[in-house]
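Structural overview
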Amino acid sequence: MKKNNKLTLILMILFLLNGCKTIDKKVTEQENTIEVIISCGEDSNLEKYIKDGWKIKKEYSEEKVCSWKTIAASKDCNIEKDKGCKIVQPDKIGEEKIYLLEK
């Protein structure tokens, strides 16, 4: 039982750290620098920036949870009747790519 509680706590912390949004696209401009973040295989407009004369200065990626699923904590748990036995865990893991562009 203690293992389930620890697992639930860890999963909830991960959920809170990653936020509820699964697709994130962020563009911030600062003088001649832009940061473009593309999450979970979302279509990017990166080509638009490159055509406009922006060059990729730095590129890196991080693993990110794209979606979550709810499962029963044990075999005899009924999720519909007993809300306390639900566990939220990652469903799909994707990649978040961060591009730093410079003009």
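One can find the structure itself at the top, above this paragraph.
Residues numbered from 1 in each chain as written. Predicted model: local features only at pLDDT ≥ 70, side-chain atom pairs only at ≥ 80, totals over all residues. Heavy atoms only, no water.

**Quick look at the pattern of salt bridges**
If the charged atoms of two oppositely charged side chains come close together, the side chains can form a pair. Put simply, the rule reads: For this analysis, a salt bridge means a side-chain nitrogen from Lys or Arg found within 4 Å of a carboxyl oxygen belonging to Asp or Glu. Segments assigned H or I by DSSP are reported as helices when at least four residues long, segments assigned E as strands when at least two residues long, and all are numbered from the N terminus. Burial classification: accessible surface area is computed with a 1.4 Å probe over protein chains only, and a residue below 20% of its type maximum counts as buried, one above 50% as exposed, and the rest as partly exposed.
Applying the stated criterion across every chain yields a total of 3 salt bridges. In this structure, K57 engages E102 in a salt bridge whose closest nitrogen and oxygen atoms are separated by 3.6 Å. With K57 in strand β3 (residues 55-72) and E102 in strand β4 (residues 86-102), this residue pair connects regions lying 45 residues apart in the sequence. One salt bridge in this structure joins E96 and K64, with 3.7 Å as the shortest N-O distance. Residue E96 is located in strand β4, and its partner K64 is located in strand β3; the two are separated by 32 residues in the primary sequence. The exposure class of E96 is buried, given its relative accessible area of 12%.

**Comments concerning the side chain of S39**
Here is the rule we go by: Any pair of nitrogen or oxygen atoms within 3.5 Å is treated as a polar contact; in protein, a donor-acceptor pairing is required on top of that, and neighbouring residues in sequence qualify only through side-chain atoms on both sides.
Tracing the sequence through the fold places S39 in strand β2 (residues 33-39). Polar contacts involving the side chain of S39 include one to the side chain of E96, which spans 3.1 Å.

So yeah, pure geometry; function would need other evidence.
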